[in-house]
Amino acid sequence: MRRLALLLSIPFWLTGPVSAGPEPEVIRVGSKKFTESVILAEIVTQLLRAEGLAVEHRAELGGTRVLWSALRRGDIDLYPEYSGTLRHEIFAAQPPDVPLRELAAASGVQIGPALGFRNGYAIGMLRPRALLREITRISDLAQHPDLVLGLGNEFLDRADGWPGLQKRYTLPQQPHGLDHDLAYRALAAGQIDVIDLYETDAEIRHYDILPLTDDRDYFPDYDALLVVRAGFAADHPNAVPLLDRLAGTVGQAAMIAMNSAAKLDGKPAGEIAAEFLATAVGIETTPAGSSAWRALWRRTLEHLALVGVSMAAALLIALPLGIIAFRRPALGQGMLAAVGVIQTIPALALLVLMIPPFGIGWAPAVAALFLYSLLPIVRNTHAGLTAIPLPIRESAAAMGLTPVQSLRLVELPLALGSILAGIKTALVINIGTATLGALIGAGGYGQPILTGIRLDDTGLILQGALPAAGLALLAQGAFELLERRLRWHG
């Protein structure tokens, strides 16, 4: 077991820089999990990097609350945001007459330069279907309760999203929640009738979607801007004038064109940002890039680090817990119930729950994976020891073996098959679940999967999905060979 734990921890030592995080002087730019945010963050990253500053773009970290919490904690230094989101989502409980800059300052955040365009929410339908049913306004939806609404998961829960919209327009529909990028595909396929839009989405023109008139003025203005942590100017005084150069440079048409280049033409966000900076700001930059094999190798090391460290920690904790559960049956029932409850928590929810104590990135993902790995190991260790016939344990005692000697020489060897099966189950689950770590900046095979979903690129999705599946199959095969060898040696 000691050798197995050491083997599983090797990826941690191979990928030390992944876990160590950026150096203090590195500027960390965050972005949300949608194309426009990634492009804007890449523009900021390349602008600062072109002037010799060390910058890291932590892409696709999740939704508004994840990015806002990361900014306040200091896990990131700045990210693109929208005035309406701040006013109606972050500060929804605050008086509306208090200036936004004052509200942000009270939270340890500063409002940076406005970028020059607006990107608010809208509600849309395919134009032919909308005109066929004479629907041009959001209020018209109330007369068509049979329409199927597919709304983004974040929009469903936002203070400026579906709850308020349904109340304002008295809408009878019960919407389905799904990823915003996947909603367009479902709409085009006829699986849903109505979706929420971002006004600068390239898909609006591509799919011929009609944005319905907000005839009761529900949606506020969403001016694009940058938000930075309070101490950013003091820590990076040379960066502030550079950020000010972006003020008013991104027009509505320019943002739609950039989104279109990414979503419809498949152009990388780095190239789009470089072209924008050259034409709009007059700064020549070179987007950071690497070969496909180098990127795959980096993602593999990141994934192995997540899995290896979390599994090593789980072995060190779960094996003793399983033994204690066997030796102390009354206490063991409580232990098994506790690890069972942890296993019922959805993986994404568990990742988010780990953000407050650990921040974003590698640490919360490892913590969540560690907790997810406990149940199979604890349960199988307990079950393997419990299944040993009582006469065998009595014989060990009759031979004068102490409880520790009996455990080491008799019980654990007999239970080893069950224990290895639990470790194998935990490892395979761990490898698959680790792909979700990309949602909070942990990297790994989940990063190309997220990007592929965002860009509707099956090739990118497979770049993460196939290696993850292959790694899981390799791990399962390795454990089966190990089990056969142990059975052979009897």
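Residues numbered from 1 in each chain as written. Predicted model: local features only at pLDDT ≥ 70, side-chain atom pairs only at ≥ 80, totals over all residues. Heavy atoms only, no water.

## A word on the side chain of Ser107
Link 1 in the chain: Structurally, Ser107 can be placed in the loop between helix H7 (100-106) and strand S4 (109-118).
Link 2 in the chain: Look at Ser107 and you get buried, because its relative accessible area is 17%.
Link 3 in the chain: Among all residues touching Ser107, those that are not within four sequence positions of it are Trp68, Arg72 and Phe91. (Helix = DSSP H or I, 4+ residues; strand = E, 2+ residues; numbered from the N terminus. Buried < 20%, exposed > 50% of the residue type's maximum accessible area, 1.4 Å probe, protein only. Contact = heavy atoms within 4.5 Å.)

## Looking at the sheet that holds strand S5 (residues 121-126)
Each strand in a sheet pairs with its neighbour through backbone hydrogen bonds, running either in the same direction (parallel) or in the opposite one (antiparallel).
Link 1 in the chain: Pairing in this open sheet of five strands is mixed, and the strands run S7-S6-S8-S5-S9 from one edge to the other. Looking at the sheet topology across the chains shown, the edges are occupied by strand S7 (176-178) and strand S9 (209-211). Put simply, the sheet's adjacent strands are angled 40° from each other on average, direction ignored.
Link 2 in the chain: Across four bridges, the pairing between S5 and strand S8 (residues 194-198) is antiparallel. From the neighbouring strand, Ala122 faces S8, where its bridge partner is Leu197.
Link 3 in the chain: Packed on one face of the sheet, helix H11 (residues 180-188) meets S5, strand S6 (149-152), S7, S8 and S9 and runs near 135° to S8. (Pairing = 2+ DSSP bridges. Axes fitted to C-alpha atoms, helices over the stretch in contact; angles between N-to-C directions.)

## Notes on the packing of aromatic side chains
Link 1 in the chain: In the structure shown here, the tally under the stated rule is nine aromatic pairs.
Link 2 in the chain: Centroid distance Tyr121 to Tyr198: 5.4 Å. Interplanar angle 50°. Geometry classified as tilted. Of this pair, Tyr121 sits in strand S5 while Tyr198 sits in strand S8, placing them 77 residues apart in sequence. Both residues of the pair, Tyr121 and Tyr198, count as buried.
Link 3 in the chain: Pairwise contacts between aromatic rings join Phe34, Tyr121, Phe155, Tyr198, Tyr218, Phe219 and Tyr222 into one cluster. (Phe/Tyr/Trp six-rings, centres within 6.5 Å; stacked < 30°, edge-to-face > 60°.)

## Section: the pairing of S6
Link 1 in the chain: Bridging between S6 and S8 involves two bridges; their strand directions are parallel. Within S8, the residue paired with Leu149 across the bridge is Val194.
Link 2 in the chain: Where S6 and S7 come together, three bridges link them in parallel fashion. What sits directly across from Leu151, in S7, is Gly177.

## Some thoughts on the packing of helix H17 (residues 292-327) against helix H18 (residues 329-344)
Link 1 in the chain: H18 packs onto H17 with a crossing angle of 135° between their chain directions and a minimal axis gap of 6 Å. Relative to H18, the element H17 is oriented oblique. Of the residues in H18, those in contact with Leu321, Ile324, Ala325, Phe326 and Arg327 of H17 are Pro329, Leu331, Gly332 and Met335.
Link 2 in the chain: Residues belonging to the contact of H17 with H18 are distributed by class as follows: seven nonpolar, one polar and one charged. (Parallel < 35°, antiparallel > 145°, perpendicular 65-115°, else oblique. Nonpolar A, V, L, I, M, F, W, Y, C, P; charged D, E, K, R; others polar.)

## What to know about the pattern of salt bridges
Link 1 in the chain: Applying the stated criterion to the full structure yields 21 salt bridges.
Link 2 in the chain: Residue Arg229 pairs with Asp77 through a salt bridge whose shortest N-O separation is 2.4 Å. Of the two residues, Arg229 sits in strand S10 (residues 223-229) while Asp77 sits in the loop between helix H5 (64-73) and strand S3 (78-82), which places them 152 residues apart along the sequence. Across the pair, exposure class does not vary: Arg229 and Asp77 are buried alike.
Link 3 in the chain: As a salt-bridge pair, Glu302 and Arg299 come within 3.0 Å of each other at their nearest N and O atoms. With a gap of three residues between them, Glu302 and Arg299 both fall in helix H17, about one helical turn apart. The two residues Glu302 and Arg299 agree in class, both being buried.
Link 4 in the chain: Because the salt bridges share partners, they merge into one network encompassing Arg28, Asp77, Arg229 and Asp235. (Salt bridge = Lys/Arg side-chain N within 4 Å of Asp/Glu carboxyl O.)

## Focus on H17
Link 1 in the chain: Look at H17: 52 Å from first C-alpha to last across 36 residues, which is about the 52 Å you get at 1.5 Å a residue.
Link 2 in the chain: Bending of H17 peaks at approximately 25° at the position of Leu315. (Expected span 1.5 Å × (residues − 1). Bend = angle between axes of the 7 residues up to and from the residue.)

## Topic: the nonpolar core
Link 1 in the chain: One finds Ile76, Leu86, Phe91, Val227, Leu306, Ile377 and Ile423 to be the most contacted residues of the largest nonpolar core, which totals 69 residues.
Link 2 in the chain: Tallying contributions element by element places helix H21 (residues 362-386) first for this core, with 14 residues.
Link 3 in the chain: In this structure, Phe91 is in contact with Trp68, Leu86, Leu100, Leu103, Ala104 and Ser107, ignoring residues within four places of it in sequence. (Core = buried A, V, L, I, M, F, W, Y, C linked by side-chain atoms within 4.5 Å.)

## Remarks on the packing of helix H4 (residues 35-50) against helix H15 (residues 252-263)
Link 1 in the chain: For the pair H4 and H15, the least separation of the axes is 10 Å and the interaxial angle reads 105°. Of the possible angle classes, the one that applies to H4 and H15 is roughly perpendicular. Contact residues: Thr35, Glu36, Ile39, Leu40 and Ile43 in H4; Met255, Met258, Asn259, Ala262 and Lys263 in H15.
Link 2 in the chain: Classifying every residue of the contact of H4 with H15 gives six nonpolar, two polar and two charged.

## Here we look at helix H23 (residues 403-433)
Link 1 in the chain: Here H23 is 31 residues long, yet its end C-alpha atoms lie only 38 Å apart, well below the 45 Å a rise of 1.5 Å per residue gives.
Link 2 in the chain: For H23, the principal kink sits at Leu416 and spans about 55°.

## Remarks on the pairing of S3
Link 1 in the chain: Here S3 lies mainly inside the structure; five of its five residues are buried.
Link 2 in the chain: Here S3 shows two buried faces, one formed by Leu78, Pro80 and Tyr82 and the other by Tyr79 and Glu81.
Link 3 in the chain: Taken together, the five bridges between S3 and S10 define a ladder with antiparallel strand orientation. Each residue of the ladder has a partner; that of Tyr82, found in S10, is Ala224.

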